[in-house]
Amino acid sequence: MLSSLIRHEFLSFFKRNGHHVVESSSVVPQADPSLLFTNAGMVQFKNIFTGLETSPHSRMVTAQKCIRAGGKHNDLDQVGFTARHHTFFEMLGNFSFGDYFKEEAIRFAWTFLTKELCISPCKLVVTVYHSDEEAKQFWKSIAGDVVVIPIATADNFWSMGDTGPCGPCTEIFFDHGADIFGGMPGSEHENGDRFVEIWNIVFMQYERLADGKQINLSNRSIDTGMGLERISSVMQGVHDNYETDLFRPLIDKIKSISKTNFADTYPSYKVIADHIRSICFLIADGIMPSNEGRGYVLRRILRRAIRHGHILGIKDPFLFKISEDLVQLMGGIYPELAKAKSPIESLVYTEEEKFLQTLERGLKILQQEVRNIPSGGTLGGDTAFKLYDTYGFPMDLTQDILKGHNISVDGDGFEKALKEQRNRAKWIGSGETQESAIWLELKDRLKASAFVGYETTSASGKIVAIVLDGKEYQKISAEDFSQPQTRAFIVTESTPFFAECGGQCGDAGIIETATASFLVTNTLKFCNALIAHEGIVTSGEFAGKDMAILRIDERKRRRTGANHTATHLLQAALRTLLGEHVAQRGSFLNDERLRFDFSHNFSISADDLLKVEILVNEWIELNLPVLSQIMSREEAISSGALALFGEKYENSVRTVCIAATEPATATEEVADDSSPETSIISFELCGGTHVKSTSEIGSFRILSEASIGSGIRRIEAVTGQMVLQQLQQITNTIVKISKKLKCSVGDIYGRIDDLILELKRRNDEITSDKHKIALQNMQKIQKVDTAIVTTFLEDCNVAQLRSLSEIIGKQNPSGTVIVLVGKCDDNKVYVIITVSKDRQESYNAGQLLKTMLLPLNGKGGGGATFAQGGGTDHSKIQEALQNIFDAVK
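Basis of the calculations
Residues numbered from 1 in each chain as written. Predicted model: local features only at pLDDT ≥ 70, side-chain atom pairs only at ≥ 80, totals over all residues. Heavy atoms only, no water. Patch = residues over 30% accessible without salt bridge, like charges linked within 9 Å, V, L, I, M, F, W, Y side chains within 5 Å. Areas by Shrake-Rupley, 256 points an atom, 1.4 Å probe, with all protein chains shown as cover. Salt bridge = Lys/Arg side-chain N within 4 Å of Asp/Glu carboxyl O. Helix = DSSP H or I, 4+ residues; strand = E, 2+ residues; numbered from the N terminus. Buried < 20%, exposed > 50% of the residue type's maximum accessible area, 1.4 Å probe, protein only. Phe/Tyr/Trp six-rings, centres within 6.5 Å; stacked < 30°, edge-to-face > 60°. Lys NZ or Arg CZ within 6 Å of the ring centre and 35° of its normal. Core = buried A, V, L, I, M, F, W, Y, C linked by side-chain atoms within 4.5 Å. Contact = heavy atoms within 4.5 Å. Pairing = 2+ DSSP bridges. pLDDT = per-residue confidence, 0-100. Polar contact = N/O pair within 3.5 Å; in protein donor to acceptor, adjacent residues only side chain to side chain. Axes fitted to C-alpha atoms, helices over the stretch in contact; angles between N-to-C directions. Parallel < 35°, antiparallel > 145°, perpendicular 65-115°, else oblique. Left-handed = near helix turned anticlockwise from the far one by under 90°. Nonpolar A, V, L, I, M, F, W, Y, C, P; charged D, E, K, R; others polar.

Student: Please clarify how a nonpolar patch on the surface should be interpreted in this entry.
Tutor: Together, L727, I730, I734, V735 and V745 line one region of the surface with nonpolar side chains, adding up to about 330 Å² of accessible area. Tracing the sequence through the fold places I734 in helix α20 (residues 721-741). Overall, the relative accessible area of 32% leaves I734 in the partly exposed class.

Set out below in structure tokens:
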């Protein structure tokens with residue numbers, strides 16, 4: 001049975017049994033900063049389990065995409081060396097919230113496995129928590145002679161944390177047969193591969209209190225999980241998940257690219273096939289490679305896969321090719337993969353290119369280190385770790401390279417550095433805002449706020465909640481704002497205020513009653529339902545159930561809408577001029593400026609930026625209508641609407657379209673039924689506010705363009721009045737420059753050219769003077785064996801020392817170690833050391849510098865042929881020189 005059919009049958013079975021099918025949530029947990037990634041099916045229902053939210057359905061079923069590659073649950077280092085470890089996997093799960101409990105959950109699982117999938121009951125073994133007699137009896141009554149094993153460890157008792165919901169669980173194991181090593185659960189050899197857990201059912205029936213006591217939950221729940229990869233291996237008669245149809249096409253592609261043909265379970269095949277799944281799903285859900293947090297984990301996964309490609313002999317970028325196969329394999333089930341196909345390939349290719357260059361640099365560093373370590377010596381653990389962490393060299397690769405030179409590695413030092421790095425990278429939270437309990441409570445009690453701001457800028461509404469510093473109050477007045485950090489929110493049944501969303505800032509304005517006034521400084525949306533107006537009471541008192549008039553700041557809304565529409569035009573211009581690979585990766589806009597992040601691998605030339613600016617301004621000048629429409633998500637996407645990368649949308653969405661009408665030709669005008677052709681310029685899913693026509697934007701100007709991450713560029717721009725202000729600032733600056741240069745504005749360029757030539761002439765004179773000083777110092781040079789060493793040069797700065805070093809080096813191109821020391825007016829001591837190439841085996845400039853700087857209380861650095869540094873203790877110059885004499889001799 002193919003994995004796609006297993007997934008379909010699971011969802012269909014539970015749908016027939018009254019469960020609501022819920023889409024997989026993102027692999028990035030929403031509003032849960034405690035988790036690095038979504039690592040189980042229950043994550044998106046966490047607030048329901050804890051009682052913070054009420055479930056819209058008492059029975060649900062999902063196929064959830066999960067990542068276990070960081071934080072508390074991290075299988076990254078095991079992938080490739082076992083039959084069942086993955087960084088990405090799919091969790092099939094059915095859930096009950098105060099509906100059915102143990103008996104029905106056990107019956108559903110047993111029926112699905114033995115009747116729907118037709119697995120022989122004699123191949124199944126179950127475990128229960130040792131004190132859960134109820135579960136034992138249900139298993140006996142439902143499954144007859146099935147082996148039920150009581151387990152007393154935490155393996156069969158699940159808890160969300162030190163406190164909160166918890167309960168016993170039962171697990172179902174599949175017996176792969178006596179020819180596979182391993183014992184039954186609870187036995188000495190339970191960790192073998194013969195008996196493999198395929199389904200876990202948690203009976204959430206208790207709440208653990210702070211004192212450790214457990215009390216019965218009033219609302220008992222069921223949380224289950226069955227890994228699609230494991231059940232697929234069962235149904236396809238294999239003992240290794242990587243031999244299933246979920247991985248075979250990927251492994252075939254890896255074999256083709258690497259021109260190798262090992263067994264499908266070869267470790268490097270497994271690593272690459274697993275990692276490409278995590279890579280693609282992480283990028284599709286909006287994670288970018290970076291040096292921290294989730295982006296750092298993505299980069300580690302990418303580099304681990306690239307390294308295993310290197311082991312297979314692949315020297316060029318290849319992962320981006322395998323991503324195509326993954327999209328084809330899973331894009332039908334997870335459409336976000338298909339939508340992100342181009343950005344995935346582009347980002348992966350860029351990361352591969354960069355890392356392959358990094359690998360080359362790391363190899364050169366290792367080769368340099370080898371030259372400084374004698375046969376039988378040891379490479380420092382900190383160096384081995386730097387190669388591992390920065391250049392992607394695993395310990396075994398470093399050891400393999402050094403083995404040929406009879407050099408070992410300080411393993412203890414490496415492990416110490418690795419442990420320190422893991423502590424630094426330990427996940428302590430994303431910094432995202434978790435919905436506070438008050439908003440979850442209000443969401444359950446109140447209807448979702450009605451937004452009427454598309455149609456009007458003012459409206460009346462009844463106050464339904466007042467929140468002050470995280471607590472609900474019945475009244476609020478100016479006296480409640482004695483503390484500067486006080487945060488107050490007013491929630492009304494309906495509002496014209498737009499809540500911060502999709503990169504657009506929230507509206508500002510005022511809320512008034514007959515006797516009170518509330519200045520709104522921002523508008524936020526909580527729990528995707530409640531629109532809350534943040535601000536301060538400026539007069540009077542507000543109370544719950546008061547009727548109020550809500551008025552937005554129309555000027556700010558108008559300018560914000562202009563910037564939002566301009567952002568859509570900017571994306572359209574970029575896609576027109578750079579290519580359709582350009583996709584929005586983030587944005588921010590308010591009434592003053594806009595910021596747009598997008599996928600593109602290269603910096604944009606000044607000429608291309610000017611073309612983008614001109615095209616946007618042409619569309620603005622055409623006075624094009626900006627039209628919005630509510631559509632189903634499927635209809636909008638199939639009609640070509642662009643969706644924000646990694647964003648989840650409701651079934652009903654708002655679209656914003658900007659279109660140009662092409663004038664009819666002379667021939668077309670003759671025909672009565674002819675109509676002008678419409679050219680779509682921009683068509684996007686968007687819930688933000690916009691102008692009614694592009695001419696309301698006024699004008700558009702790009703301020704800057706830069707890289708903000710791997711394959712991600714950022715443009716900042718302004719529109720309308722802000723363009724004029726910016727041009728006025730530039731004009732004022734130019735006028736000031738012309739006055740400084742004592743020339744007209746038109747002559748500035750020529751005047752600067754003249755100044756540059758004059759500066760070059762003077763620099764040449766200074767360089768000539770330095771050479772003269774250096775030649776004068778030549779007489780102070782003394783030769784010691786194979787090295788030329790200065791005694792000590794007074795009034796000689798570092799630039800003069802370098803000039804002198806160059807002269808001596810040209811006169812003595814081989815067989816030399818040049819050590820120059822000087823002291824200038826600032827009382828600092830400067831040291832320059834150079835080693836000719838033919839002396840590198842005997843001497844290292846960087847190592848000699850360290851010897852020299854010890855008595856000088858100095859610091860510096862360098863490589864094998866050149867090093868530079870300085871110190872503050874000039875009384876120890878002779879001692880430092882003696883150190884050099886001794887080292888060179």
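Student: What is the right way to read the packing of aromatic side chains from this model?
Tutor: Two measures describe an aromatic ring pair: the distance that separates the ring centres and the angle between the ring planes. Using the criterion set out here, one finds 35 aromatic pairs in the structure. Ring plane angle 85° and centroid distance 6.2 Å describe the contact between F13 and F108, whose orientation is recorded as edge-to-face. Linking F13 in helix α1 (residues 3-16) with F108 in helix α3 (residues 102-116), this pair joins segments that are 95 residues apart in sequence. Taking the centre distance of 5.6 Å and the plane angle of 90° together, the rings of W439 and F489 count as edge-to-face. Separated by 50 residues along the polypeptide, W439 in helix α15 (residues 437-445) and F489 in strand β18 (residues 488-492) bring together distant segments of the chain. Judged by its relative accessible area of 3%, W439 falls in the buried class. Aromatic ring contacts, followed pair by pair, group F10, F13, F14, Y100, F108, F112 and W199 into a single cluster. Taking NZ or CZ as reference, R654 lies 3.7 Å from the ring centre of Y454, over its face.

Student: What exactly am I supposed to notice about the nonpolar core here?
Tutor: Proteins that are soluble and globular tend to have nonpolar side chains buried together. The biggest cluster of nonpolar side chains holds 109 residues, and the ones touching the most others in it are L113, W139, W199, I231 and L319. Take this core: its biggest share by element is ten residues, from helix α7 (residues 267-284). Non-local contacts of L319, meaning those with residues more than four positions away in its chain, are made with I272, I276, I279, L302, A305, I306, V348 and E352. Counting residues in hydrophobic clusters, the runner-up holds 33 residues, among them L578, V582, A660 and I702.

Student: Sorry if this is basic, but what is going on with the pairing of strand β20 (residues 509-512) here?
Tutor: The side chains of a regular strand alternate between both faces of the sheet. Because side chains alternate across β20, one face comprises the buried residues G509 and I511, and the other comprises I510 and E512, none of which is buried. Pairing analysis gives four bridges linking β20 to strand β24 (residues 547-552), with the strands arranged antiparallel. Looking across to β24, one finds that G509 is bridged to I552. Bridge count between β20 and strand β21 (residues 517-526): four bridges; the pairing is antiparallel. Opposite G509, over in β21, you have V520 as the bridge partner. Adjacent in sequence and paired antiparallel, β20 and β21 are bridged by four residues.

Student: It is not clear to me how the confidence of the model for the protein should be interpreted in this structure. Could you clarify?
Tutor: Segments scoring low in pLDDT should not have their predicted coordinates read at a detailed level. Taken over all residues, the pLDDT of the protein has a mean of 87, while the share at 70 or more is 92%. Throughout residues 663-671 the model reports pLDDT below 50, and contacts reaching past four residues in sequence, or to other chains, amount to four contacts.

Student: Just to check I follow, could you spell out the side chain of S232 for this structure?
Tutor: Counting through the fold element by element, S232 comes out in helix α5 (residues 228-235). A polar atom in the side chain of S232 sits 2.7 Å from the backbone oxygen of L228. If sequence neighbours within four positions are ignored, S232 has contacts with S3, I6, T244 and L246.

Student: When you look at the environment of K253 in this model, what are you seeing that I'm missing?
Tutor: Mapping K253 onto the fold places it in helix α6 (residues 248-258). When the C-alpha atoms of K253 and A450 are compared, they prove to be 51 Å apart, with 197 residues separating the residues in sequence. Those residues in contact with K253 that lie beyond four places of it in its chain are K321, I322 and D325.

Student: Just checking my understanding: could you explain the sheet that holds strand β25 (residues 584-589) for this structure?
Tutor: The strands making up a sheet are joined through hydrogen bonds of the backbone, oriented either antiparallel or parallel. Spatial ordering of the open sheet is given by β25-β26-β31-β30, a layout of four strands whose pairing is antiparallel. Of all the strands in the sheet, just β25 and β30 (700-709) have a single pairing partner and so form its edges. Going across the sheet, the axis of each strand differs from the next one's by a mean of 15°, ignoring polarity. Where β25 lies against strand β26 (residues 594-599), five bridges are found, and the strand directions are antiparallel.

Student: Whenever I open this one, the side chain of D240 confuses me. Can you help?
Tutor: Looking at the element boundaries, D240 is found in the loop between α5 and α6. Engagement of the side chain of D240 in a polar contact is seen with the backbone nitrogen of Y242, the distance being 2.9 Å. A polar contact is formed between the side chain of D240 and the side chain of K270, at a distance of 2.9 Å. Look past the residues within four positions of D240 in its chain and what remains in contact with it is T82, A83, S233, T265 and K270.

Student: Would you explain the packing of helix α9 (residues 319-330) against helix α11 (residues 341-371) in this entry?
Tutor: Put simply, α9 and α11 touch, their axes get as near as 8 Å, and they point 155° apart. Comparing their axes, α11 and α9 come out roughly antiparallel. α11 is crossed by α9, and the crossing has right-handed handedness. Along its contact with α9, which presents L319, F320, S323, E324 and V327, the element α11 presents K341, I344, E345, V348, Y349 and E352. Its residues assigned to classes, the contact of α9 with α11 shows six nonpolar, one polar and four charged.

Student: Teacher, can you tell me more about the packing of α1 against α3 here?
Tutor: In helix packing, the relevant descriptors are the interaxial angle and the interaxial distance, both defined with respect to the helix axes. Where α1 contacts α3, the two axes come as close as 11 Å, and the packing angle between them is 130°. Between α1 and α3, the interaxial angle falls into the category oblique. By crossing handedness, the relation of α1 to α3 is classed as right-handed. Contacts between α1 and α3 involve I6, E9, F10, F13, F14 and R16 from the first element and F108, T111, F112 and E116 from the second.

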